[in-house]
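Reading the structure
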Amino acid sequence: MGQKPFFDEMTTAGGDIRAVYRRIAQWLEQSPPELLASRRHQAELMFRRIGITFAVYGDQDATERLIPFDIIPRVLSRSEWTRLEKGLIQRVTALNAFLADLYGTGEILKAGIVPSDIIYRNPAYRPEMAGRPVPHNIYVHIAGIDVVRVDENDFYVLEDNARTPSGVSYMLENREVMMRLVPDLFAACRVAPVENYPEHLRACLRSVAPLSAGGDPTIVVLTPGQYNSAYYEHSFLADKLGVELVEGRDLLVRDGFVYMRTTQGRKRVDVIYRRLDDDFLDPLAFRPDSALGVPGLMSVYQAGNVTLANAVGTGVADDKAVYTYMPEIIRFYTGEEPILKNVPTWRCREPEALKYVLDHLPELVVKEVNGSGGYGMLVGPHASKDEIATFAQKLKADPANFIAQPTLSLSTCPASFAQGIGPRHVDLRPFVLSGADGVRVVPGGLTRVALKEGSLVVNSSQGGGTKDTWVIDDPQAV
Amino acid sequence: MLSRTADNLFWFARYMERADFIARIANTTRRLASLPSGDGGAANEWEAALSAAGALEPYEAVHGAVDPDKAVDFLLFDARNPSSIVNCIESGRVNARAVRTALTIETWETINAGWQEMKKVQRQHAQKPLDTEELVAFLDMAMKLALDVDGSAYRTMLRNDAYWFSRLGLYVERADNTARILDVKYNILLPETEAVGGSLDYFQWNAILRAVSAVTSYHWIYREGVKPWLIADLLILRPEMPRSLIACYGEIVRFLDAIANAYGRQGAAQRRARQTYTKLQNATMKQVFTTGLHEFLTEFIEDNYEIGGAIAEQYLLD
């Protein structure tokens, strides 16, 4: 990809401030370092007091850590957002059609567009779901699509998250904190609101309730419990939705329905927004050693007496091997050209691609097909010779398990540190809701930022931070 | 409401109340133990404190003979003591965190901030044991935390079952604490109180009042010197004393009734609580002393324990 300078979202290569960032730049210029420092401190206090923490697996001491928050907002113009939004809706619509097809008649496999072995040999494919339609044919009710920019024009999709994507609480809390932190700047910029996300989510979940639920379905959020890394988010969402936050042990199955145990006896549950992976949902159907789920839940689900959001088996669609086929999948189901681009990807299962990848490891990012959270990947340009050699062995041993991508020159945004202000790489995870009444995206999302200088890894488990994301009206030409 | 949520709320409040109680006992014992022995500084002070805190057995299992420094550490910091202050605050927060959505943001922030403060002191203590001044500051912090949690819950929580279950936890725990400290102190002091009135007793009895923050209340109500039977009267039968057994039971009955009204059904918990309350209402101090204070308190502690069990059975388990 060469030594092309990174695309900075605030400043052009010539040093000019882009119009959409004008107010932010003014604010930064007018704020002395001490003021920014005190804002950073205030923000940290606010987050700590609310208790927004997440756990880092494998880190004994830091069982509850704050995700670093950067106080400089990331800005998108309304027109950029509109284009992105269209692309997201198109992509998630295709994902849902794809899943309905995979668990239905499999037209896309028959047409030879996606090879059937990457579906049927995928551990996330759930044969239990085959031939069992779900309400309104919606599988992915909540999707988190990770997008990046590399230049002024294009958004690339890095990853589709169709299982239990997290991070939306940060989107909402970041906004809350920014509104308290810089009320004047916020008001001057007229930022598009994201606060109605819980309303949309509730409407979405209600719309997919089983028919037998009647007019006022009971919705719950199912969490693995307070030691899960995203527990804060689970409780946050239950609170905002105004529904119970349940653990597996709060639910039970009787006579074909799911009930929760309450102080007034058992109460029927109709829609479960589950933040528990498929494997743990029901020890009778999946992992028998799991104590987190609800014995018998799958049988109720298969009988259509409870809705799970997201549906069981969506993981087959956000797999990195399937990702490489997304442009074809979108064309197949929507008849349109994909609006959002895919990052060019080598499928190591194909011998020619494998050869290319092995020859170019120092330039490439290689990921496990089923990995997540930045674990088990190789970032060629930042890896030592030894690391590359070791990884090459792993790759050769099981090529089908890997894909490779060029190291993208992710765009940068300014971030504020004790040492001053500097550009850092960012990505964006907007949250896409699909209900019976259509697909919705609130204007914004979670911007993740790689706080280490030069780093391209934005995952919170690897030292990434977050920013508030502002969609503002296109500035008038001055 | 989820049964588990009610259970977490009940225990959240119980642990915060217990943290407060342990801090008070440790504080008064420390004062007593620093007195010259002629004025009440008895050697078995810390044994009594451990006993009132229900921690004597676990202490002896770990350390054997009672030693003041070890006792303080055990009551405040030891992870092996389920009722140590750090364990109470930790368990209180774990319960609160499990039901964050049932608490107000104010109450959650109070417990969370207090927990963070506690963790800081705990780390500090692990590196270099706290000196007396720091210990006192920690005890003050624990008491203030309980006060703040209580106050924020009182000021901000909706008056619905979430509030009622947490209040039940608080009063069941408080009744237990009051009964225990009274029982332990009377047991220790009784052999020597045959000749009541020495300065030794004065400090000892005063310490009970201090432990339940009732020194001033005592003087307002009785307007005379500290007398053992008046202290017992104050802590058992005086409805205006917020930590007396009768006051606790007034509240327990009230909140259980509120739950029964909201749910449209009475049960064993309501019946048993009312029985205990009636027993207290009909009791006189003379009668209590005739049966024997220790017997009376033992029976009360037993009843109170069973009412906790009845609440659990009726609402907190499925």
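Residues numbered from 1 in each chain as written. Chains lettered and ligands numbered in written order. Predicted model: local features only at pLDDT ≥ 70, side-chain atom pairs only at ≥ 80, totals over all residues. Heavy atoms only, no water.

Turning next to helix H2 (residues 45-52) of chain B. Residues separated by three or four positions in an α-helix point in the same direction, a consequence of the helix having 3.6 residues per turn. Of all eight residues making up H2(B), six are buried, and the element is well covered by its neighbours. Phi for B:Gly54, located one or two positions after H2(B), is positive at around 70°. (Buried < 20%, exposed > 50% of the residue type's maximum accessible area, 1.4 Å probe, protein only. Helix = DSSP H or I, 4+ residues; strand = E, 2+ residues; numbered from the N terminus.)

This brings us to the domain arrangement of chain B. Residue and element names in this part refer to chain B. Once the domains are mapped, chain B shows domain 1 (1-156) and domain 2 (161-318). Computed from C-alpha coordinates alone, the two centres of domain 1 and domain 2 are separated by 20 Å. Facing 32 residues of domain 1, the contacting portion of domain 2 comprises 31 residues. When domain 1 packs against domain 2, the two sides together hide about 2,900 Å² of surface, and 60% of this comes from carbon and sulfur. Per-residue buried area on domain 1 facing domain 2 is highest for Phe 10, Glu 17 and Phe 21; these three make up 21% of the total on that side. With a shortest N-O distance of 2.8 Å, Glu 173 and Arg 14 are connected by a salt bridge. Linking domain 1 with domain 2 are seven residue pairs in polar contact (both at pLDDT 80 or more). Of all the elements in the fold, those that place two or more residues in the side of domain 1 that touches domain 2 are helix H1 (3-33), H2 and helix H7 (132-156). Here the side of domain 1 that touches domain 2 takes 16 residues from H1, the largest share from any one element. Across the side of domain 1 that touches domain 2, the residue classes break down as 15 nonpolar, seven polar and 10 charged. (Domains from an automatic or database assignment. Contact = heavy atoms within 4.5 Å. Buried area = accessible area lost by both parts, 1.4 Å probe. Salt bridge = Lys/Arg side-chain N within 4 Å of Asp/Glu carboxyl O. Polar contact = N/O pair within 3.5 Å; in protein donor to acceptor, adjacent residues only side chain to side chain. Nonpolar A, V, L, I, M, F, W, Y, C, P; charged D, E, K, R; others polar.)

Glancing now at the domain arrangement of chain A. Residues and elements named next belong to chain A. If you check the domain split of chain A, you get domain 1 (19-210 + 306-343 + 408-472) and domain 2 (346-406). Centre-to-centre separation of domain 1 and domain 2, based on C-alpha positions: 25 Å. The interface is formed by 22 residues belonging to domain 1 together with 16 residues belonging to domain 2. Where domain 1 abuts domain 2, roughly 1,500 Å² becomes buried across the two surfaces, and 47% of that area is made up of carbon and sulfur atoms. Remark: the boundary between domain 1 and domain 2 carries one salt bridge. Taken together, the connections running from domain 1 to domain 2 amount to four residue pairs in polar contact (both at pLDDT 80 or more). Broken down by secondary-structure element, the contributors of at least two residues to the side of domain 1 that touches domain 2 are helix H5 (116-120) and helix H12 (320-323). Residues that form the side of domain 1 that touches domain 2 fall into these classes: 12 nonpolar, six polar and four charged.

Moving on to empty space enclosed by the protein. A water-sized probe rolled over the atoms picks out the places where empty space is left. All told, the structure shown has two cavities of 30 Å³ or more when counted by the stated rule. The space that makes up the largest cavity amounts to roughly 60 Å³. Around the largest cavity sit B:Ile25, B:Thr28, B:Thr29, B:Leu32, B:Glu45, B:Ala48, B:Ala49, B:Ala52, B:Ile181, B:Lys185 and B:Ala207, which together line it. Those elements that provide at least two residues to the lining of the largest cavity are H1, H2 and helix H8 (161-189) of chain B. Across the lining of the largest cavity, the residue classes break down as seven nonpolar, two polar and two charged. There is about 30 Å³ of room inside the second largest cavity. A:Ala321, A:Arg347, A:Cys348, A:Arg349, A:Ala400, A:Phe402 and A:Ile403 together form the lining of the second largest cavity. Split by residue class, the lining of the second largest cavity holds five nonpolar, no polar and two charged. (1 Å grid on protein atoms, 1.4 Å probe; cavity = no way out; pocket = protein on both sides within 12 Å on 5 of 7 lines; lining within 4 Å. Points joined across faces, edges and corners; volume = space filled by probe spheres on them.)

Right, let's talk about unusual backbone geometry for a bit. All names here are of chain A. In this chain, Ala 309 is followed by Asn 310 through a cis amide linkage whose omega measures -5°. Within the secondary structure, Asn 310 sits in the loop between strand S10 (307-309) and H12. With a phi close to 50°, Arg 190 is a non-glycine residue in the positive phi region. If you trace the backbone, Arg 190 turns up in the loop between helix H7 (183-189) and helix H8 (197-207).

Tallying the contact residues gives 25 residues for chain B and 26 residues for chain A. Both sides together, the interface formed by chain B and chain A hides about 2,200 Å², and carbon and sulfur atoms give 41% of it. Our count for the chain B to chain A interface comes out at two salt bridges. Across the salt bridge formed by B:Arg4 and A:Asp250, the nearest N and O atoms sit 2.6 Å from each other.

The final tally for this structure, using the stated rule, is 51 salt bridges over all chains. Ionic pairing is found between A:Arg274 and A:Asp278, a salt bridge with its closest N-O pair at 2.7 Å. Classification of A:Asp278 as buried rests on a relative accessible area of 11%. When the shortest N-O distance is used, the salt bridge between B:Glu17 and B:Arg174 registers 2.9 Å. Taken together, the positions of B:Glu17 in helix H1 and B:Arg174 in helix H8 put the pair 157 residues apart, joining distant regions of the chain. Each member of the pair, B:Glu17 together with B:Arg174, is buried.

Let's shift gears to the sheet that holds strand S13 (residues 364-368) of chain A. Sheet architecture is open: four strands sit in the order S12-S15-S13-S14 (chain A), paired in antiparallel fashion. Two strands close off the open sheet at either side, each with one partner strand: strand S12 (346-347) and strand S14 (378-379) of chain A. (Pairing = 2+ DSSP bridges.)

All names here are of chain A. Counting buried positions over the six residues of strand S16 (residues 412-417) gives six, a clear majority of the element. Alternating residues of S16 divide into Thr 412, Pro 414 and Ser 416 and Cys 413, Ala 415 and Phe 417, and every residue in both groups is buried. Note that S16 and strand S17 (residues 420-429) share six bridges and pair antiparallel. Residue pairing across strands places Ala 415 opposite Gly 422, the latter belonging to S17. Linking S16 back to S17 in an antiparallel pair, the connection comprises two residues.

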